[in-house]
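Structural overview for review
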Amino acid sequence: MTDLKSKIDPSRIPSHIAIIMDGNGRWAKERGQERVYGHYEGVVSVREIVNTCGELGVKYLTLYAFSTENWNRPKAEVDALMELLVNTIRKEVDDLKKNNVKLHVIGDFASLPEVCQKEMNEGMEITGENTGLNLVLALSYSSRLEILNASKALASKVAKGELLAENITEEDFKSCLDTCNFPDPELMIRTSGESRISNFLLYQLAYAELYFTPVHWPDFRKDNLFEAVLDYQKRERRFGKTSDQIQKTTV
Ligand code: IPE
Ligand code: IPE
Ligand code: MG
């Protein structure tokens with residue numbers, strides 16, 4: 001097996017990777033199993049990817065675990081996912097603490113079952129002092145809702161006279177998003193072959209490099225992440241400039 005890790009340039013690791021973990025259901029179906037079996041196996045990938053990001057020195061990893069649209073799935077699947085979330089945090093929190101991982105949540109937290117909120121709050125408290133990888137779970141997350149809420153928060157500041165509408169800056173807007181404490185992702189990965197964003201970080205992904213792979217999430221492991229990072233490192237991030245301009249600033 002080739003040593004993919006050694007090919008990665010350690011000086012150009014993305015500081016924030018965001019992942020749409022897709023394909024658990026199809027992975028299970030292909031094995032003649034129930035969809036939830038895919039979700040269970042997906043947790044194994046989560047553990048491995050969290051550890052690998054820590055190993056690479058990635059500072060932020062945002063995982064799309066449950067969208068607001070996912071509430072429309074059959075109740076049995078939603079219940080199984082919520083139970084899996086609670087059990088996983090309960091089981092993993094000691095390792096997260098030991099591995100210097102700090103847990104965060106974005107999304108419509110209040111819409112989660114109380115037991116999930118409690119487990120997540122405990123997890124965030126237990127890992128609150130950690131200084132390594134920031135693990136951000138997007139739970140009951142909708143980017144459009146997040147943007148709408150930010151607009152409401154700004155409108156309310158204007159109504160109270162705390163801010164002048166014409167003076168609103170990009171920074172003011174960003175400070176009202178759930179992601180206000182995190183930099184924008186440089187790399188967004190979606191597994192399982194779908195080439196869409198599905199209401200994930202619409203504002204924050206403005207200049208992210210997008211990486212789509214046919215690999216289902218339960219099969220996405222260490223080497224798959226190394227491949228994604230290597231692909232990212234081959235790209236030229238131009239931010240509207242010309243290639244010549246970029247090359248002059250990097251030599
Ligand atoms: C991703 O896998 C997990 C969640 C959305 C919770 P899916 O459950 O979407 O799997 P597919 O896309 O149906 O195969
Ligand atoms: C996106 O996956 C949400 C998560 C990975 C949590 P979906 O499987 O729900 O997305 P669509 O519906 O196929 O776009
Ligand atoms: Mg899916």
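Up top is the structure.
1. Structural notes on helix H6 (residues 143-159)
- Between its first and last C-alpha atoms H6 spans 24 Å; for 17 residues at 1.5 Å apiece the expected length is 24 Å, and the two agree.
- All of the buried residues along H6 are Ser143, Glu146, Ala150 and Leu154. Down the axis of H6, the buried set is contained in an arc of 70°. They therefore lie on one face. Residues Arg144, Lys152 and Ala159 are exposed on H6 and point more than 90 degrees away from its buried face.
- Contact partners of the buried residues in H6: strand E4 (134-141) and helix H7 (170-174).
- Where H6 ends, the next residue or the one after it, Gly161, has phi of about 80°, a positive value.

2. What about the sheet that holds E4?
- Taken in spatial order, the 6 strands of this open sheet run E3-E4-E2-E1-E5-E6, and their pairing is parallel. What marks the edges here is a single partner per strand, and that holds for strand E3 (102-106) and strand E6 (209-212). Going from strand to strand, the sheet's axes swing by 20° on average, the running direction of each strand aside.
- Of the pairings in the sheet, the one linking strand E5 (residues 187-190) to E6 comprises 4 bridges and is parallel in character. The partner of Ile189 across the bridge, within E6, is Tyr211.
- Of the strands in this sheet, strand E2 (60-67), E3 and E4 touch helix H4 (residues 75-98), which is tilted by about 165° from E4.

Calculation notes
Residues numbered from 1 in each chain as written. Chains lettered and ligands numbered in written order. Predicted model: local features only at pLDDT ≥ 70, side-chain atom pairs only at ≥ 80, totals over all residues. Heavy atoms only, no water. Helix = DSSP H or I, 4+ residues; strand = E, 2+ residues; numbered from the N terminus. Expected span 1.5 Å × (residues − 1). Buried < 20%, exposed > 50% of the residue type's maximum accessible area, 1.4 Å probe, protein only. Arc of directions from axis to C-beta. Contact = heavy atoms within 4.5 Å. Pairing = 2+ DSSP bridges. Axes fitted to C-alpha atoms, helices over the stretch in contact; angles between N-to-C directions.

Take it as geometry only, folks, not as evidence of what the structure does.
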